[in-house]
Amino acid sequence: MRVTVLQTDIKWGQPKANQDIVSRLMSAAPRSDVYVLPEMWSTGFTMKPEKDAEDLNCPSSLDWMKKKAEEYNCAICGSIAAKTKEGQYVNRQYFVREDGSYDYYDKRHLFTYGGEDKHYVSGTCRSIAEYKGTRFLMTTCYDLRFPIWMRNNDDYDAIIVTANWPKSRKNVWQILLRARAIENQSYVIGANRTGEDQYCQYKGNSCIIDAKGKTLAQAKEKEQSITADIDLNELNAFRLKFPVLNDKDIFYINQNK
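In what follows, the accompanying structure is described. All values derive from a computational prediction rather than experimental measurement.

Comments concerning the nonpolar core
In step 1: One finds F95, F136 and I189 to be the most contacted residues of the largest nonpolar core, which totals 43 residues.
In step 2: For this core, the element with the highest residue contribution is strand β9 (residues 158-163), accounting for five residues.
In step 3: When near neighbours in sequence (up to four residues on either side) are disregarded, I189 contacts V3, V5, V36, F136, A158, I159, I160, V161, C207, I208 and I230.
In step 4: Judged by nonpolar contacts, the second largest core, of 21 residues, contains I21, V22, Y94 and V96.

Quick look at the structure:
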């Protein structure tokens, strides 16, 4: 399976402009099975969801993702600020397939240091999207710091991390992505933004990492795409030869849908 990360310089509060950026990067990238976008790819990391969040009764960004997935015969993943039917705001990641079906994940660990918890409701459930035989654990940015939430319970093959991870903590980003890959014997797909907004600078450094912690593809600071192949046969052979997960601690997380 071929995976492409689209590392964008998000235009603040301009969904149409950001759709155009993603379209341009997709058209220039190798044809892939899965394309992964950064966190809040359509607006930037907004703390004004009442102004910028997408109303799920009129999901323009989701509809756009569906159209692109159909056009490219692929899956597209990325998070947006969304207003639920109950009137709550969530940081919602979508995994959209070419037939219009999708899975979603509401960010569990809200970034309280930046005030995200004051504007958004935390998600309560893990979400694993299956596509063409590969199982993807959906996570968003700050989740990366919480390994219990991301622990592999023999239920996924790759972790997707969509992010707006700041330049000031670039080394932490790189280290944690590798740690999550190694401890879970899983591929990790880290999709960060680049550029800057009114709050932060972002270095990008999106990457795709294998289960041994080897970097398969690495982005720089600029707006660009990176591509790598996920090999389930190779992954399963490694897990069988070195069955670390058989010795994992058993625990349960209370999840409410």
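Here the narrative resumes.
Notes on the state of the cysteines
Cysteine pairs can be linked by a disulfide, which is a covalent bond between their two sulfur atoms.
In step 1: Summed over all chains, the structure comprises zero disulfides.
In step 2: The thiol sulfur of C141 is not disulfide-bonded, and the nearest other cysteine sulfur, from C200, lies at 9.8 Å.
In step 3: Of the residues examined, C141 reaches a relative accessible area of 8% and is grouped as buried.

Some points on the pairing of β9
In step 1: For β9, a buried count of six out of six residues is recorded, marking the element as mostly surrounded by other parts of the structure.
In step 2: Burial of β9 is two-sided: the residues A158, I160 and T162 facing one way and the residues I159, V161 and A163 facing the other way are all buried.
In step 3: In this sheet, β9 lies alongside strand β8 (residues 134-140) in parallel orientation, the contact comprising five bridges. When the bridges of β9 are listed, M138 appears paired with I160.
In step 4: In this structure, β9 lies alongside strand β10 (residues 187-192), joined through six bridges in parallel fashion. Across the sheet, residue A158 finds its bridge partner in β10, namely Y187.
In step 5: Read as a crossover between parallel neighbours, the route from β9 over helix α4 (residues 170-184) to β10 is right-handed.

So, how was this worked out
- Residues numbered from 1 in each chain as written.
- Predicted model: local features only at pLDDT ≥ 70, side-chain atom pairs only at ≥ 80, totals over all residues.
- Heavy atoms only, no water.
- Core = buried A, V, L, I, M, F, W, Y, C linked by side-chain atoms within 4.5 Å.
- Buried < 20%, exposed > 50% of the residue type's maximum accessible area, 1.4 Å probe, protein only.
- Helix = DSSP H or I, 4+ residues; strand = E, 2+ residues; numbered from the N terminus.
- Contact = heavy atoms within 4.5 Å.
- Disulfide = S-S within 2.5 Å.
- Pairing = 2+ DSSP bridges.
- Right-handed = clockwise from strand over helix to strand, strands pointing away.

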